[in-house]
Amino acid sequence: MVQVVLTGAMRALAGGVETVEIEASTFKEVLDGLRAAHPALAPVIDRGVSLAVDGLVYRNSWFTPVKPDSEVVVMPYMKGG
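Values in this document were obtained by computation on a predicted structure and should not be read as measured data.

Novice: Any details on the pattern of salt bridges? Residues and values, ideally.
Specialist: As enumerated under the stated definition, the model contains three salt bridges in all. The partner of Asp32 in a salt bridge is Lys28, with the nearest N and O atoms 2.8 Å apart. Of this pair, Asp32 and Lys28 both sit in helix 2 (residues 27-37), four residues apart, which is roughly one turn of the helix. As a salt-bridge pair, Asp32 and Arg35 come within 3.2 Å of each other at their nearest N and O atoms. Of this pair, Asp32 and Arg35 both sit in helix 2, separated by three residues, roughly a single helical turn. Residue classification places Arg35 among the partly exposed positions, given a relative accessible area of 23%. If you follow the salt bridges from partner to partner, you end up with Lys28, Asp32, Arg35 and Asp46 in one network.

Written out as structure tokens, the structure is:
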């Protein structure tokens, strides 16, 4: 199981849950698992999110592997300059 850390608005949409355990081996599976576990997160995920795995931030990398012992943080896309 991958431990997924939710931040800010995503945490609020998940009922205040900070960490979610998801059975996943890729980013896509992480996001699919989050949608299933917390349907209120689906609109944010559909607008776009970045995932950080062990400190490296990825975007649009659906098939990037995730190890069960990795720290995964999900963040909404940020705009601005």
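There's more to say after this.
Novice: Mind laying out unusual backbone geometry, listing which residues take part and the relevant values?
Specialist: As a rule of thumb, non-glycine residues mostly have phi less than zero, and peptide bonds are mostly trans rather than cis. Phi angles above zero are rare outside glycine, and Asp54 is one such case at about 50°. Mapped onto the elements, Asp54 comes out in the loop between strand 3 (49-53) and strand 4 (56-59).

Novice: Pulling in residues and values, what's your account of the sheet that holds strand 5 (residues 71-76)?
Specialist: The strand order 2-1-5-3-4 describes an open sheet built from five strands, whose pairing is mixed. Pairing within the sheet leaves two strands with one partner each, and these edge strands are strand 2 (19-22) and strand 4. For this sheet the average axis-to-axis angle between neighbouring strands, irrespective of direction, equals 30°. As paired strands, strand 3 and strand 5 are joined by five bridges and run antiparallel to one another. When the sheet's bridge partners are listed, Leu51 is paired in strand 5 with Val74.

Novice: Tell me about the side chain of Ser70, residues and numbers included.
Specialist: Within the secondary structure, Ser70 is located in the loop between strand 4 and strand 5. Apart from residues no more than four positions distant in its own chain, Ser70 is found in contact with Val2, Gln3, Val53 and Asp54.

Novice: Explain the nonpolar core to me, and be specific about the residues and the numbers.
Specialist: Side chains of a nonpolar character, in soluble globular proteins, are inclined to be buried together. With 21 residues, the main nonpolar core has Val4, Leu6, Leu34, Val49, Leu51 and Val74 as its most contacted residues. Of all the secondary-structure elements, those providing two or more residues to this core are strand 1 (2-6), strand 2, helix 2, helix 3 (42-47), strand 3 and strand 5. In terms of residues, this core owes the most to one element, helix 2, which gives four residues. Residues contacting Leu6, with those up to four places away along its chain left out, are Arg11, Ala14, Val17, Glu18, Val20, Leu34, Leu41 and Val74.

Novice: So what's going on with the pairing of strand 5? Residues and values would help.
Specialist: As defined by bridge partners, strand 1 adjoins strand 5 across four bridges and the pair is classed as parallel. Considered in strand 5, the bridge of Val5 is made with Val73.

Conventions and cut-offs
Residues numbered from 1 in each chain as written. Predicted model: local features only at pLDDT ≥ 70, side-chain atom pairs only at ≥ 80, totals over all residues. Heavy atoms only, no water. Salt bridge = Lys/Arg side-chain N within 4 Å of Asp/Glu carboxyl O. Helix = DSSP H or I, 4+ residues; strand = E, 2+ residues; numbered from the N terminus. Buried < 20%, exposed > 50% of the residue type's maximum accessible area, 1.4 Å probe, protein only. Pairing = 2+ DSSP bridges. Axes fitted to C-alpha atoms, helices over the stretch in contact; angles between N-to-C directions. Contact = heavy atoms within 4.5 Å. Core = buried A, V, L, I, M, F, W, Y, C linked by side-chain atoms within 4.5 Å.

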